[in-house]
Every structure is written in C-alpha cells, then in structure tokens.
Amino acid sequence: MPRSRIAGMGKYLPNNVFTNNDLAQFMDTNDEWIQERTGIKERRYAHRTEETTATMGIEAATIAIERAGITAQDIDFIVFATLSPDYYFPGCGVLVQRALKMKEIGALDIRNQCSGFVYALSVADQFIKTGMYKNILVIGSEKHSFGLDFSTRGRNISVIFGDGAGAVVLQATDDSNRGILSTHLHSDGESAEILAMYNPGTHANHWGNYASFNDAEMADMFMSHAMIDKAENFPNMDGPSVFKKAVVKFPEVIMEALDANGYKSTDIDMLIPHQANLRISQFVQQKLGLKDEQVHNNIQQYGNTTAASVPIALCEAWEQGKIKEGNLVCLAAFGSGFTWASALIKW
Ligand code: UT7
C-alpha cells in the first residue's frame, strides 16, 4: 500500500498588519488584555476587495506545487478547508481548479473549522493509500476579517482571528520509512452551538411555527434585520468553555497518535498545534513534557487563522529549518463542533 508524504508546502499572509492598538480604535480592548489572555500581538487582514479566501489559497498552493517539483496539471484532486468561503456555494475548491487551469479533477470542500486542515489531510491520505490519486492539493485558507463584529460586543472573538492561507501537496510514495503514519479524527456535537455562526442557516428553531408565517416572514428566513440586530451573522463563542475542552482534547488526540505508532510524547521532534491561544499551546507543551524547540507557535504574529493555522505554522517551521528529514512531526487541532484531530508524520 502506498504511503503519502508532504512533497511541497506554501503559505500566504496578507501584507496588511493589524496590531492590538489598531483594534482598540474600534472597540473597548487593549494590547495588555489581548497579549496576556491570548499571546497575540498582531494579525494580518486581507485586502477588502482584491483578496479572498480562494485567492489566498491559490497563492499558497502555487508555492506548494512549485516546491513539490510538479505543475498544476499534475494535481489529481483538491481538498479545500475553510469556514469563510468566497461564496455560500459553490466551494473554494472549484475556484482553485479554475484559477490554476487544472484538469477537470475532483474538488472537495471541508467544513471543519479549526480542525479543517487536519481533516482535509486525512481525507487526502486515504485517497492516496487506496491508490486512487498520486498528487493531492490540500489547502486551508480563511478571510475572517470580512465577517467579524468590530464593535465592543464582538471583542472576545474579533481580537483573536486573522487571515491567511497554507497549502501542501500530498504525494504517493513507496518509501515505507516516511510519510503520514496515521491520522485520528473526533467529534462531539453536544456543544455545537457554543462556538458557531448561526446565520444564514436553515435551522428554524427560534422562528416558531412555519405554518403561521406570512410572506414577509418567510422571505426573512434566510437573512433578516432581526438576525443582524442580534448579531447572529457573526461568530458566537463561549471562550472559557472552549478553552476547558481544548486543554483536555489536544493532549488526548496527540497521545492517541503516538500510542498508535509506538512512540512517547518526548519522541516528537516538532509539534504543530492549531494556533487557537498561546496559553492553550503552552498548557499542551507542559502536559506532554516538551521543550520550547519541540513546539512551533506563531499566533503572536498571525492570530488564529482557523483552517489555515496548521499549514501556515507547518510551512513556517520548515522554512525556518526546524523540520528535517527523519523528524517525527505531529499536527493537532481542536475547535468548533467540537471537532478535533491529529496526524503523525515521519518527515
Ligand atoms: O480556534 C477555535 C477554538 N477557540 C478557542 O480555542 C478559544 C478558547 N478560549 C479562549 O482562548 C479564551 O477563552 C478567550 C481568549 C476567548 C477569552 O479569554 P478568557 O480569559 O477566557 O476571558 P473571558 O471570556 O472569561 O472574559 C474575561 C473578561 C470579561 O469581562 P468581565 O465579565 O470579567 O468584566 C470579558 O468581558 O474579559 C472581558 N473581555 C475583554 N476585555 C478586553 C473579553 N474580551 C475582551 C477583549 N478586551 N478583547
């Protein structure tokens, strides 16, 4: 059975740097609070009109394809992870296929928020293991800045998120000593609504009985003034509850990957945790007994870029020479759903 290995990586961060002090001009917040609670100093925001989730993904993908030593024509399949797509539908995958003038290959969008990239990687890994495809483009990209509540009402969320994209080319290899060793995917929908964007959506539980609706009420079901007044078109999060679950599930899913392959936590050469909060990463590092040089964090510069955070951090760690051939690399993520996931890779 072939294995899959990461043959090329790319990342794209918009030029526009937005500091904590810049945010304090819009809302009641301050640099000290944000740094102390999250570790974030600044984040990037995409150009309002010229950059989208797809265009940033395409920039990252172009670099990944070039570094893999192949062309866009060699890609057999696209998996695109995002929660902030260019369109409600179709997904971003087809926009990549069009922009890079690829063959009429399959394109799949994954909606798993913070764990989206690790889920996407796992999906791609299965297609390669079965021998169906040889080169799969896996992208994580987010343009959060278009849809955050920049008033004080939304400050617990809007200070955290940033824009950016990361991409990898996953390639089949017969080398049994390297590649993705295993992936581990989990969910618990019990708390689905505590980190969610409710509208636009098809849930109607707060609308009462459809049968009694007049025409105007029916027309308002997709998007209404009432939804906007209640800020239901913005993400909603019970931060402390997410934090409590994250610090349990991160170490658990990392240990699951290590146990499955006969490793212990200190065997990890590089842990790439989803960049949700520096305090979460530090807790996980401490719990697993890892040194600073065994964990790569960049939330300080980029904030939380959701599905893009793992591929951006992975690419950055590699570009900085922190990942070398033969290293044991672990990717792990936790977020909305809740969903969480890990991947263990022999580089
Ligand atoms: O990647 C997706 C998964 N997401 C996560 O993993 C996020 C996990 N949660 C967190 O990272 C943290 O819960 C936050 C960073 C979101 C919040 O930090 P916290 O230490 O849990 O703060 P809190 O929500 O308990 O709020 C403490 C106080 C509140 O004021 P009072 O009620 O104590 O007066 C908030 O209103 O801080 C206030 N606050 C702020 N103050 C200044 C909330 N946001 C801000 C802000 N600036 N931006």
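About the criteria used
- Residues numbered from 1 in each chain as written.
- Predicted model: local features only at pLDDT ≥ 70, side-chain atom pairs only at ≥ 80, totals over all residues.
- Heavy atoms only, no water.
- Near = heavy atom within 4 Å.
- Polar contact = N/O pair within 3.5 Å; in protein donor to acceptor, adjacent residues only side chain to side chain.
- Areas by Shrake-Rupley, 256 points an atom, 1.4 Å probe, with all protein chains shown as cover.
- Helix = DSSP H or I, 4+ residues; strand = E, 2+ residues; numbered from the N terminus.
- 1 Å grid on protein atoms, 1.4 Å probe; cavity = no way out; pocket = protein on both sides within 12 Å on 5 of 7 lines; lining within 4 Å.
- Points joined across faces, edges and corners; volume = space filled by probe spheres on them.
- Nonpolar A, V, L, I, M, F, W, Y, C, P; charged D, E, K, R; others polar.
- Domains from an automatic or database assignment.
- Contact = heavy atoms within 4.5 Å.
- Buried < 20%, exposed > 50% of the residue type's maximum accessible area, 1.4 Å probe, protein only.
- Arc of directions from axis to C-beta.
- Patch = residues over 30% accessible without salt bridge, like charges linked within 9 Å, V, L, I, M, F, W, Y side chains within 5 Å.
- Salt bridge = Lys/Arg side-chain N within 4 Å of Asp/Glu carboxyl O.
- Pairing = 2+ DSSP bridges.
- Axes fitted to C-alpha atoms, helices over the stretch in contact; angles between N-to-C directions.

Asker: Which parts of the structure should I look at to understand the site of the ligand?
Answerer: Not every one of the 22 residues close to the ligand is listed here, only the nearest: T29, R37, C114, N277 and N304. Between the ligand and P240, the relevant distance is 3.4 Å, taken from an oxygen atom to a main-chain nitrogen or oxygen of the residue. Notes on the ligand: free accessible area 960 Å², of which the protein chains cover 73%. Every element with two or more residues in the shell around the ligand is listed here: α2 (31–38), α6 (155–158), α9 (239–260) and α10 (278–288).

Asker: How do you make sense of the layout of surface pockets when you look at a structure like this?
Answerer: To find the voids left in a structure, one rolls a probe of water-molecule size over its atoms. Space inside the second largest pocket adds up to approximately 200 Å³. Lining the second largest pocket are 16 residues; nearest its centre among them are R153, A231, F234, P235 and N236. Contributing elements (two or more residues each) for the lining of the second largest pocket: α6 and β10 (236–237). Counting residues per element, the lining of the second largest pocket draws most heavily on α6, which supplies three residues. Taken together, the residues of the lining of the second largest pocket break down into seven nonpolar, five polar and four charged. Counting contributing residues, the lining of the second largest pocket receives three or more from each of domain 1 (3–173) and domain 3 (201–233).

Asker: What am I meant to see in the side chain of T183 here?
Answerer: Structurally, the position occupied by T183 is in strand β8 (residues 179–187). Of note is the side chain of T183, whose polar atom sits 2.8 Å from the side chain of S122. Residues contacting T183, with those up to four places away along its chain left out, are S122, D125, Q126, S342 and A343.

Asker: Would you mind going over α10 with me for this structure?
Answerer: Spacing of three or four residues puts side chains on the same side of an α-helix, whose turn is 3.6 residues. Burial in α10 covers these residues: L278, I280, S281, V284, Q285 and L288. What you see down the axis of α10 is that its buried residues fit within an arc of 160°, all on one side. Of the exposed residues in α10, the ones pointing more than 90 degrees away from its buried face are Q286 and K287. Elements in contact with the buried residues of α10: α2, α9, β11 (270–273) and α11 (299–302). Where α10 starts, the residue carrying a side-chain oxygen 2.8 Å from the main-chain nitrogen of R279 turns out to be N277. Following α10 by one or two positions, G289 adopts a phi angle in the positive range, close to 70°.

Asker: How do you make sense of a nonpolar patch on the surface when you look at a structure like this?
Answerer: Together, Y88, F89 and F222 make up a nonpolar patch on the protein surface, roughly 410 Å² of accessible area in all. Within the secondary structure, F89 sits in the loop between β4 (77–81) and α4 (93–99). F89 gets classed as exposed once you look at its relative accessible area, which sits at 69%.

Asker: I keep staring at the domain arrangement of the protein and nothing clicks. Help me out?
Answerer: Quite often, the size of an interface is put as the accessible area lost when its parts meet. Split into domains, the protein comes out as domain 1 (3–173), domain 2 (179–191 + 237–346) and domain 3 (201–233). Here the C-alpha centre of domain 2 lies 17 Å away from the C-alpha centre of domain 1. Listed by partner, the interface residues are 47 residues for domain 1 and 42 residues for domain 2. Inspection of the region where domain 1 meets domain 2 yields two salt bridges. We note a salt bridge from K11 to E319, for which the minimum N-O separation is 2.7 Å. At the boundary of domain 1 with domain 2, the tally comes to 17 residue pairs in polar contact (both at pLDDT 80 or more). Listing elements by their share of the side of domain 1 that touches domain 2, those giving two or more residues are β1 (3–12), α2, β3 (42–44), α5 (116–129), β6 (135–142), α6 and β7 (164–173).

Asker: Sorry if this is basic, but what is going on with the sheet that holds β6 here?
Answerer: In sheet architecture, strand pairing relies on hydrogen bonds along the backbone and comes in two forms, parallel and antiparallel. One open sheet accounts for five strands, arranged β1-β7-β6-β4-β5; its pairing is mixed. Here the strands that pair on one side only, and so sit at the sheet edges, are β1 and β5 (106–110). Strand-to-strand twist of the sheet, defined as the mean angle between neighbouring strand axes without regard to direction, takes the value 20°. Pairing geometry for β4 and β6, over five bridges, is parallel.

Asker: How do you make sense of the environment of N327 when you look at a structure like this?
Answerer: Positionally, N327 belongs in the loop between α12 (309–319) and β12 (328–335). It is 8.1 Å that separates the C-alpha atoms of N327 and I345, two residues lying 18 residues apart in sequence. Among residues more than four places away in sequence, those in contact with N327 are D269, K322, I345, K346 and W347. In terms of polar contacts, N327 uses its side chain to reach the backbone amide nitrogen of K324, at 2.8 Å.

Asker: Explanation requested: the pattern of salt bridges in the structure shown.
Answerer: It is possible for side chains of opposite charge to pair when their charged atoms get near one another. Tallied over the full model, the rule gives nine salt bridges. Among the ionic pairs, R155 bridges to D28, the shortest N-O distance being 3.7 Å. Here the residue R155 occupies a position in helix α6, and D28 occupies one in the loop between α1 (20–23) and α2, the gap between them amounting to 127 residues. Of the residues examined, R155 reaches a relative accessible area of 38% and is grouped as partly exposed. For D149, the salt bridge identified is with R153, shortest N-O distance 2.7 Å. D149 gets classed as buried once you look at its relative accessible area, which sits at 9%.

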